[in-house]
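Architecture at a glance
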Amino acid sequence: MNKQELLNIFEETDALQYGHFILSSGKRSDTYCQCSRLFIDTKISNKIANALTHKINSKINAKIDYVVAPALGGILIGYEVSRCLNSRSIFFERTDKNFELRRGFEIEENKNILFIEDVITTGKSSKECLEKLYKMKVNLLGIACVVDRSQEKIFNDYEIISLLKLDIPTYDPDNLPEDLKKIEPVKPGSRKI
């Protein structure tokens, strides 16, 4: 799929939304990527997962043992990509403001890991999870996402493998453009600020 075909899917599924949004980082944006909408129709989610898996396979040549995602946003894409890779799928959950592996999830030392998100903007949630993974003595092979909307290099040792790279500006709450100030903000993500 090329970029325009992907954008068409995002528009058709309402995965790309417009308004005034409060992102998980606390920053503001006039565009929000609600990737969970891509997973309502299994035909679409299959296309998205296969396309992202193809990109992952073009960058990572080792067997991936676990696809690890943060809840909630990364769970669906994490599961779908792990299915395509024939890997295991587990996820971190936020408990008392910290990400933890729960539900009896464990990763053995030296296993090959792909970390995956739905959207990466500032990388804050990803970095929190990655800190936990580094302490587990696993082999992090890469970081992937459906949409990379980061504005700068976030991870020192890893290039983000994304299906779609979007240049969507973000703003500090006290430095909004005039048109955004006129729209009541909504907080669509799963993290409380």
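Refer to the structure printed above.
If you're wondering where the values come from, they're calculated on a predicted model, not measured in any experiment.

What counts, and where the lines are drawn
- Residues numbered from 1 in each chain as written.
- Predicted model: local features only at pLDDT ≥ 70, side-chain atom pairs only at ≥ 80, totals over all residues.
- Heavy atoms only, no water.
- Helix = DSSP H or I, 4+ residues; strand = E, 2+ residues; numbered from the N terminus.
- Axes fitted to C-alpha atoms, helices over the stretch in contact; angles between N-to-C directions.
- Left-handed = near helix turned anticlockwise from the far one by under 90°.
- Contact = heavy atoms within 4.5 Å.
- Nonpolar A, V, L, I, M, F, W, Y, C, P; charged D, E, K, R; others polar.
- Phe/Tyr/Trp six-rings, centres within 6.5 Å; stacked < 30°, edge-to-face > 60°.
- Buried < 20%, exposed > 50% of the residue type's maximum accessible area, 1.4 Å probe, protein only.
- Lys NZ or Arg CZ within 6 Å of the ring centre and 35° of its normal.
- Disulfide = S-S within 2.5 Å.

On to unusual backbone geometry, then. In this model, alanine 71 is joined to leucine 72 through a cis peptide bond whose omega is -5°. As for its placement among the helices and strands, leucine 72 is situated in the loop between strand 3 (66–70) and helix 3 (73–85). We note that aspartate 96 has phi near 50°; this positive angle belongs to a residue other than glycine. You can see aspartate 96 is positioned in the loop between strand 4 (88–95) and strand 5 (98–101).

Below, the discussion takes up the packing of helix 2 (residues 42–59) against helix 3. Between helix 2 and helix 3, the shortest axis-to-axis distance is 9 Å and the interhelical angle comes to 65°. Where helix 2 crosses over helix 3, the two elements pack in a sense that is right-handed. Along the contact surface, helix 2 presents Asn46, Ile48, Ala49, Asn50, Leu52, Thr53, Ile56 and Asn57, while helix 3 presents Ile77, Glu80, Val81, Arg83, Cys84 and Leu85. Classifying every residue of the contact of helix 2 with helix 3 by side-chain character gives eight nonpolar, four polar and two charged.

Right, let's get into the packing of aromatic side chains. Two measures describe an aromatic ring pair: the distance that separates the ring centres and the angle between the ring planes. What the rule picks out here adds up to two aromatic pairs. On the basis of an interplanar angle of 80° and a centroid distance of 5.1 Å, the ring pair of phenylalanine 91 and phenylalanine 105 is categorised as edge-to-face. Here the residue phenylalanine 91 occupies a position in strand 4, and phenylalanine 105 occupies one in the loop between strand 5 and strand 6 (112–120), the gap between them amounting to 14 residues. Phenylalanine 91 sits in the buried class, given a relative accessible area of 17%. In this structure, arginine 94 is placed above the aromatic ring of phenylalanine 99, and the distance from its NZ or CZ to the ring centre is 4.1 Å.

Within this structure, the stated rule accounts for zero disulfides. Unpaired in this structure, cysteine 84 has its nearest cysteine sulfur neighbour in cysteine 35, at a distance of 16 Å. Of the residues examined, cysteine 84 reaches a relative accessible area of 25% and is grouped as partly exposed. Residue cysteine 129 stays outside any disulfide, its sulfur separated by 14 Å from that of cysteine 145, the closest cysteine. A residue is classified by how much of its surface remains accessible, and cysteine 129, at 0% relative accessible area, is buried.

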